[in-house]
Amino acid sequence: VLIIPVITCFGLIFKDTFTKISMSAVDIALILNLNSALGMCLGLFNGLLLKLFGYRKIAISGGVLYSIGLIATSFAKSFRHFLISYSIITCKKTS
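Everything numeric in this text was worked out from a predicted model, so none of it was measured. (Residues numbered from 1 in each chain as written. Predicted model: local features only at pLDDT ≥ 70, side-chain atom pairs only at ≥ 80, totals over all residues. Heavy atoms only, no water.)

## Considerations on the environment of Arg 80
Then comes step 1: Secondary-structure assignment places Arg 80 in helix H7 (residues 79-89).
Then comes step 2: For the pair Arg 80 and Ile 31, spaced 49 residues apart in sequence, the C-alpha to C-alpha distance is 9.5 Å. (Helix = DSSP H or I, 4+ residues; strand = E, 2+ residues; numbered from the N terminus.)

## Overview of H7
Then comes step 1: Every buried residue of H7 is accounted for by Phe 82, Ser 85, Tyr 86 and Ser 87. Taken around the axis of H7, the buried residues stretch over an arc of 165 degrees, which confines them to a single face. (Buried < 20%, exposed > 50% of the residue type's maximum accessible area, 1.4 Å probe, protein only. Arc of directions from axis to C-beta.)

## Some points on the packing of helix H4 (residues 25-42) against H7
Then comes step 1: Direction vectors running N to C along H4 and H7 enclose 25 degrees, while the axes themselves pass 8 Å from each other. Regarding the angle of H4 to H7, the classification is roughly parallel. Crossing handedness for the pair H4 and H7: right-handed. Residues Asp 27, Leu 30, Ile 31, Leu 32, Leu 34, Asn 35 and Leu 38 of H4 lie in contact with H7, whose contacting residues are Phe 79, Phe 82, Leu 83, Tyr 86, Ser 87 and Ile 88.
Then comes step 2: Taken together, the residues of the contact of H4 with H7 sort by class into ten nonpolar, two polar and one charged. (Axes fitted to C-alpha atoms, helices over the stretch in contact; angles between N-to-C directions. Parallel < 35°, antiparallel > 145°, perpendicular 65-115°, else oblique. Left-handed = near helix turned anticlockwise from the far one by under 90°. Contact = heavy atoms within 4.5 Å. Nonpolar A, V, L, I, M, F, W, Y, C, P; charged D, E, K, R; others polar.)

Below, the structure is given as C-alpha cells:
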C-alpha cells in the first residue's frame, strides 16, 4: 500500500534535497533503478526464505527493513547516503 506511491513520487518528495546537493537526473535515476534491480535479484530467494521462515516473518521483516530504509533516506544528505539507504536497504520490498 505504501511502496508504489513512494516509488512514483520519490523525485517529488526529495526534490528540495536533490537541488541542495546538486544531484543530477542521472543520479536520481540510478538510485531508483538500482533499487528495482536489486529487489528483482533478491526475488530469486523468496521461495527459499518463505519455506524457511514462513509468510508472517518475511512480511514483518520486509516492513521493518522498508521502514528503516525510508527513515534513513529522510536524513540523507549525499548521493552515497541515498544509494545505501534507499537503493540497498529498501530494495527487498520490491520482491
